[in-house]
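# Close look at the chain arrangement
Here's the letter readout for the chains.
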Amino acid sequence: MTQALQTRPRSFRTYAAVALFLAVYGGVLVFVFAPKDLISVQSPTALIATE
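Thresholds applied
- Residues numbered from 1 in each chain as written.
- Predicted model: local features only at pLDDT ≥ 70, side-chain atom pairs only at ≥ 80, totals over all residues.
- Heavy atoms only, no water.
- Helix = DSSP H or I, 4+ residues; strand = E, 2+ residues; numbered from the N terminus.
- Buried < 20%, exposed > 50% of the residue type's maximum accessible area, 1.4 Å probe, protein only.
- Areas by Shrake-Rupley, 256 points an atom, 1.4 Å probe, with all protein chains shown as cover.
- Expected span 1.5 Å × (residues − 1).
- Phe/Tyr/Trp six-rings, centres within 6.5 Å; stacked < 30°, edge-to-face > 60°.

## Remarks on the overall build of the chain
- Helix and strand counts for the chain come out as 3 helices and 0 strands.
- In the chain, the order of α-helices and β-strands from amino to carboxyl end is α-α-α.
- Counting over 51 residues, the chain shows a buried share of 2%.
- Carbon together with sulfur atoms contributes 67% to the accessible area of the chain, which is approximately 5500 Å² in total.

Structure below.
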(Lines give C-alpha, C1' and ligand atoms only; values in the text may rest on other atoms or scores of the structure.)
Protein backbone atom coordinates (compact mmCIF):
# COMPACT_ATOMS: atom_id res chain seq x y z
CA MET A 1 0.00 0.00 0.00
CA THR A 2 1.42 3.36 -0.95
CA GLN A 3 1.07 6.26 1.38
CA ALA A 4 0.49 9.78 0.18
CA LEU A 5 3.06 12.26 1.36
CA GLN A 6 1.62 14.81 3.72
CA THR A 7 2.30 18.38 2.66
CA ARG A 8 3.47 20.68 5.38
CA PRO A 9 1.77 24.05 5.48
CA ARG A 10 4.10 26.80 4.37
CA SER A 11 5.22 29.07 7.13
CA PHE A 12 4.79 32.81 7.32
CA ARG A 13 8.56 33.25 6.97
CA THR A 14 8.47 31.62 3.53
CA TYR A 15 5.81 34.02 2.31
CA ALA A 16 7.63 36.97 3.88
CA ALA A 17 10.87 36.02 2.13
CA VAL A 18 9.13 35.70 -1.23
CA ALA A 19 7.35 39.03 -0.72
CA LEU A 20 10.62 40.75 0.21
CA PHE A 21 12.35 39.30 -2.86
CA LEU A 22 9.55 40.45 -5.17
CA ALA A 23 9.54 43.94 -3.63
CA VAL A 24 13.30 44.35 -4.08
CA TYR A 25 13.20 42.86 -7.60
CA GLY A 26 10.34 45.18 -8.58
CA GLY A 27 12.16 48.18 -7.13
CA VAL A 28 15.28 47.38 -9.12
CA LEU A 29 13.24 47.01 -12.31
CA VAL A 30 11.55 50.38 -11.72
CA PHE A 31 14.92 52.00 -11.09
CA VAL A 32 16.48 50.46 -14.20
CA PHE A 33 13.63 51.14 -16.63
CA ALA A 34 12.45 54.52 -15.29
CA PRO A 35 12.99 57.55 -17.54
CA LYS A 36 16.21 59.37 -16.72
CA ASP A 37 14.35 62.63 -16.00
CA LEU A 38 12.36 60.91 -13.27
CA ILE A 39 15.41 59.90 -11.21
CA SER A 40 17.86 62.65 -12.15
CA VAL A 41 19.61 64.20 -9.20
CA GLN A 42 21.15 67.63 -9.39
CA SER A 43 23.45 69.22 -6.92
CA PRO A 44 22.42 72.54 -5.34
CA THR A 45 25.22 74.23 -7.31
CA ALA A 46 23.73 73.00 -10.58
CA LEU A 47 20.29 74.32 -9.56
CA ILE A 48 21.71 77.77 -8.83
CA ALA A 49 23.62 77.81 -12.12
CA THR A 50 20.47 77.10 -14.16
CA GLU A 51 18.53 80.07 -12.75
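Moving on, there is more to tell.
## Here we look at helix α1 (residues 12–33)
- Compared with the 32 Å implied by 1.5 Å per residue over 22 residues, the 31 Å span of α1 between its first and last C-alpha is a close match.
- With 0 of 22 residues buried, α1 lies mostly on the surface of the structure.

## A few points about the packing of aromatic side chains
- In this structure the tally under the stated criterion is 1 aromatic pair.
- Ring centres of Phe-21 and Tyr-25 lie 5.8 Å apart, and the angle between their planes is 20 degrees; on these two criteria the pair is classed as stacked. In this pair, Phe-21 and Tyr-25 are both assigned in helix α1, 4 residues apart and thus about one turn of the helix distant.

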